[in-house]
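# Working through the structure, step by step
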Amino acid sequence: MSAPGKTKFQIDLRRHLREHYVNENLTHLICEIAEASKYIIHSIRTGDLGVAGTSNLYGEDQLALDVLSDRILRKRLDHSRVVANIMSEEADQIIPISPDCNGKYSVAFDPLDGSSLVDVNLAVGTIVSIFEGCDLLQPGRNQVAAMYILYGPRTTLVYSVGKGVHEFGMNTLMEYTLLRENITIGPQANLYAPGGLRNLYTPGVEAYVRTLEERGVKLRYSGGFVPDINQVLLKGKGIFFYPHLKDQPKGKLRLLFELSPMAYLIEQAGGAASDGCRRILDIQPTEIHERSPVFIGCKEDVAMAEEFICKHDLQRDSAE
Ligand code: AHG
Ligand code: MN
Ligand code: MN
């Protein structure tokens, strides 16, 4: 839907949100996150690539960029006046901003996903999940919005508030203007992005990969969750998975600020997301840094993954 007299390419993020009757506070929140991305871009382009000398609760060394990106987002959200609680990949626990839940939102985010790829100049991104009120430990189906910003050859922003998935590009004035509306993905993949070490795949996952390869599906894996999902979304076909592994039954990716927001966006585009047995958006998190295996993308290939994993992967039962 483009405003009369304006080509869709001149529609900026705030106008698009207003045209979709998104309430004022949520519009303000999404635009504040978009604003924060401009400072994150600056830190990626010019910032220190070294290690911050600290580690996050996963025991992963925090890069200076992780910490800086986290600080930029936290500050924006803190000053936005519409946030109740936040949870960041870089924080040990939920950070309370305001005790008042009415008309406010709680935000879970990965400030810089794939940050270790910056020093080899590969694309990285920011992932954001938004719930109404104060509670962040909800199934992902209760999100009111999800978005990501992809810092690649071009900087793009993708969001949904449950009314389709839309992509914006950053112009020379650092404004996000509409590129594509109501993005959809088809039923069957022609590319796959397999995370995790192949020799740690269970028999069911192995058989699944072989079936994809026998169908001639191409392997496309960058190691960055945001560009890998963005490729599935914008090519309109594809399947990404980071499965349960023999030594990691829960896989690697985090439910709250990686899988739930991406599952929300992919489902809004007509795709699916499963942990191999259950819909990602139906999983009730029990802890803020819960991990889950994930198969996300074209509906038919997610369903096929569930055939191989849930019904026939006996290895899985013994691994849990
Ligand atoms: P983060 O940098 O936020 O820790 O996330 C990295 C994740 C995700 O970007 C990607 O899908 C996955 O790590 C890749 O893991 P492997 O290096 O094990 O393939
Ligand atoms: Mn991440
Ligand atoms: Mn991260």
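Check the entry above for the structure.
Throughout what follows, the structure given in this document is the object of discussion. (Residues numbered from 1 in each chain as written. Chains lettered and ligands numbered in written order. Predicted model: local features only at pLDDT ≥ 70, side-chain atom pairs only at ≥ 80, totals over all residues. Heavy atoms only, no water.)

### Regarding the state of the cysteines
Evaluation of the coordinates by the stated rule reveals 2 disulfides. Between the sulfur atoms of C101 and its disulfide mate C134 the distance is 1.9 Å. Because the sign of the S-S torsion sets the handedness, a value of about -105° for the bond joining C101 and C134 places this disulfide among the left-handed ones. Note that C101 is positioned in the loop between β4 (95-96) and β5 (105-113) and C134 in the loop between β6 (124-132) and β7 (145-151), a separation of 33 residues in sequence. Here C101 falls in the partly exposed class, since its relative accessible area comes to 30%. Take the cysteines of the chain that form disulfides and number them in order along the sequence; they join up as 1-2, 3-4. (Disulfide = S-S within 2.5 Å. Helix = DSSP H or I, 4+ residues; strand = E, 2+ residues; numbered from the N terminus. Buried < 20%, exposed > 50% of the residue type's maximum accessible area, 1.4 Å probe, protein only.)

### A few points about the sheet that holds strand β12 (residues 218-219)
An order of β12-β11-β13-β15-β14 is seen for the 5 strands of this open sheet, with the pairing classed as mixed. Every other strand in the sheet has two partners, leaving β12 and β14 (272-274) as the edge strands with one partner each. Pairing of strand β13 (residues 239-242) with strand β15 (residues 294-297), which is carried by 4 bridges, proceeds in the antiparallel orientation. Following the sheet pairing, F241 is matched in β15 by F295. Running over the sheet, helix α4 (residues 203-214) touches β11 (191-194), β13 and β15 and is turned about 160° from β13. (Pairing = 2+ DSSP bridges. Contact = heavy atoms within 4.5 Å. Axes fitted to C-alpha atoms, helices over the stretch in contact; angles between N-to-C directions.)

### A short note on the sheet that holds β6
Across the sheet, 8 strands lie side by side as β4-β3-β5-β6-β7-β8-β9-β10; this open sheet has mixed pairing. At either end of the open sheet lies a strand with only one pairing partner, and these are β4 and β10 (176-180). Packed on one face of the sheet, helix α2 (residues 24-46) meets β3 (83-88), β5, β6, β7, β8 (155-160), β9 (166-170) and β10 and runs near 20° to β7. Of the strands in this sheet, β3, β4, β5 and β6 touch helix α3 (residues 64-79), which is tilted by about 155° from β5.

### Section: the coordination of the manganese ion (ligand 3)
Only E89 (OE), D110 (OD) and L112 (O) from the protein coordinate the manganese ion (ligand 3), and they sit 2.1 to 2.6 Å from it. Along the chain, the residues that donate to the manganese ion (ligand 3) are spaced as E-x20-D-x1-L. (Donors = N, O, S within 2.8 Å, 3.2 Å for Na, K, Ca; no water.)

### A few points about the site of ligand 1
Around ligand 1 there are 16 residues in total, and E89, D113, G114, Y221 and Y242 lie nearest to it. Between ligand 1 and F225, the relevant distance is 3.0 Å, taken from an oxygen atom to a main-chain nitrogen or oxygen of the residue. A distance of 3.0 Å separates an oxygen atom of ligand 1 from a polar atom in the side chain of K252. In the complex, 80% of the free accessible area of ligand 1, which totals 470 Å², lies under the protein chains. Among the elements of the structure, β5 and β13 are those that each provide at least two residues to the shell around ligand 1. Residue classes in the shell around ligand 1 are distributed as 6 nonpolar, 4 polar and 6 charged. Each of two domains, domain 1 (8-180) and domain 2 (191-319), supplies a minimum of three residues to the shell around ligand 1. (Near = heavy atom within 4 Å. Polar contact = N/O pair within 3.5 Å; in protein donor to acceptor, adjacent residues only side chain to side chain. Areas by Shrake-Rupley, 256 points an atom, 1.4 Å probe, with all protein chains shown as cover. Nonpolar A, V, L, I, M, F, W, Y, C, P; charged D, E, K, R; others polar. Domains from an automatic or database assignment.)

### Some details on the coordination of the manganese ion (ligand 2)
Here the manganese ion (ligand 2) is held by D110 (OD), D113 (OD) and E258 (OE), and the distances to it run 1.9 to 2.1 Å. Spacing between the donor residues of the manganese ion (ligand 2) along the chain follows D-x2-D-x144-E. In this model, the manganese ion (ligand 2) sits 3.6 Å from the manganese ion (ligand 3), the two metals being bridged by D110. Assessed through its relative accessible area of 0%, D110 is described here as buried. For D113, a relative accessible area of 7% puts it in the buried group.

### A look at the pairing of β9
Burial analysis of β9 places 4 of its 5 residues in the buried class, the great majority of the element. Two strands pair when backbone bridges link them, and β8 and β9 are joined in this way by 4 bridges, in the antiparallel orientation. Along β9, the bridge assignment pairs Y159 with H166. Here β9 runs beside β10; their pairing, made up of 4 bridges, is antiparallel. Pairing of G169 across the sheet is with T177, part of β10. In textbook terms, the turn of a hairpin is the stretch between consecutive antiparallel strands, and for β9 and β10 this stretch comprises 5 residues, one of which, M174, has a positive phi near 65°.

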